[in-house]
Amino acid sequence: AGTPTRSNDIPAIAEAQDPFSRAIWAANVADKPETLRALIADRDYLVSLNALMKFGTRKDSAAIPALIASSRSFSQRTNRLAFNALAAQDSDEAWTQITRALKEGPFDINKREAARLIVTRNRELKLASEISLLFVSQSWVTRKEARIALSKVDGNPAKIVSLSFI
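The text that follows walks through the structure, step by step, so that each part is easy to find. Since the structure is predicted, the reported quantities are computational estimates derived from the model, not experimental observations.

For helix H4 (residues 45-55), the tally of buried residues reaches eight of 11 residues, placing the bulk of the element in the interior. For H4, the set of buried residues is Val47, Ser48, Leu49, Asn50, Ala51, Leu52, Lys54 and Phe55. Elements that come into contact with the buried residues of H4 comprise helix H2 (19-28), helix H3 (33-40), helix H5 (64-71) and helix H6 (76-89). In this structure Asp44 caps H4, since a side-chain oxygen of it lies 3.1 Å from the backbone nitrogen of Leu46.

See the structure below:
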């Protein structure tokens, strides 16, 4: 009980009652991929965020399902970190999910994060139609991110549409 030890075993972290101890442990000590995958689904928000941050700098194909689940979150921080972690995986499965999120959401926040990341990898004009659909969002932040993403797509039509929403 109490504070987990500096070992990377999951039971020690699971026994900690204090969420801040688990969050600090997740950020500074936890290093095994299987441990970090378990921490993504932790009951505490900070623990989950710290595990997601670690996946933003490491590849682990087994983590992709958990990252996909986190990318569907309504929480802006969780969503952004999950999408960054998916992009860091740089796999077909991860990029397929990011592209799917642009089309399907389920929330505007999911779509704008997907748009932000997709144009860093693929600037093809065919993405312009999907990104331009974000201009009808009620969220000004989503419309702003759509304009920024669309301005990065190759081709004059995308730039013209982007300029019309300034």
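Next, the rest of the story.
Once that is clear, we can look at the environment of Asp90. Along the chain, Asp90 turns up in the loop between H6 and helix H7 (92-104). Among the residues examined, Asp90 registers a relative accessible area of 42% and is labelled partly exposed. A sequence separation of 31 residues divides Asp90 from Arg121, and the C-alpha atoms of the two residues are 9.6 Å apart. Sequence-distant contacts of Asp90, defined by excluding residues within four places in its chain, comprise Lys59, Trp95 and Arg121.

For the structure shown, the criterion picks out four salt bridges. Among the ionic pairs, Arg80 bridges to Glu113, the shortest N-O distance being 3.0 Å. In this pair, Arg80 sits in helix H6 while Glu113 sits in helix H8 (residues 108-121), placing the two residues 33 residues apart along the sequence. The partly exposed category is assigned to Arg80, whose relative accessible area is 32%. Glu113 sits in the buried class, given a relative accessible area of 2%. Arg116 serves as the salt-bridge partner of Glu113, at 2.6 Å between the closest nitrogen and oxygen. You can see Glu113 and its partner Arg116 sitting in helix H8, three residues apart, about one turn around the helix.

Rules of the game
Residues numbered from 1 in each chain as written. Predicted model: local features only at pLDDT ≥ 70, side-chain atom pairs only at ≥ 80, totals over all residues. Heavy atoms only, no water. Buried < 20%, exposed > 50% of the residue type's maximum accessible area, 1.4 Å probe, protein only. Helix = DSSP H or I, 4+ residues; strand = E, 2+ residues; numbered from the N terminus. Contact = heavy atoms within 4.5 Å. Polar contact = N/O pair within 3.5 Å; in protein donor to acceptor, adjacent residues only side chain to side chain. Salt bridge = Lys/Arg side-chain N within 4 Å of Asp/Glu carboxyl O.

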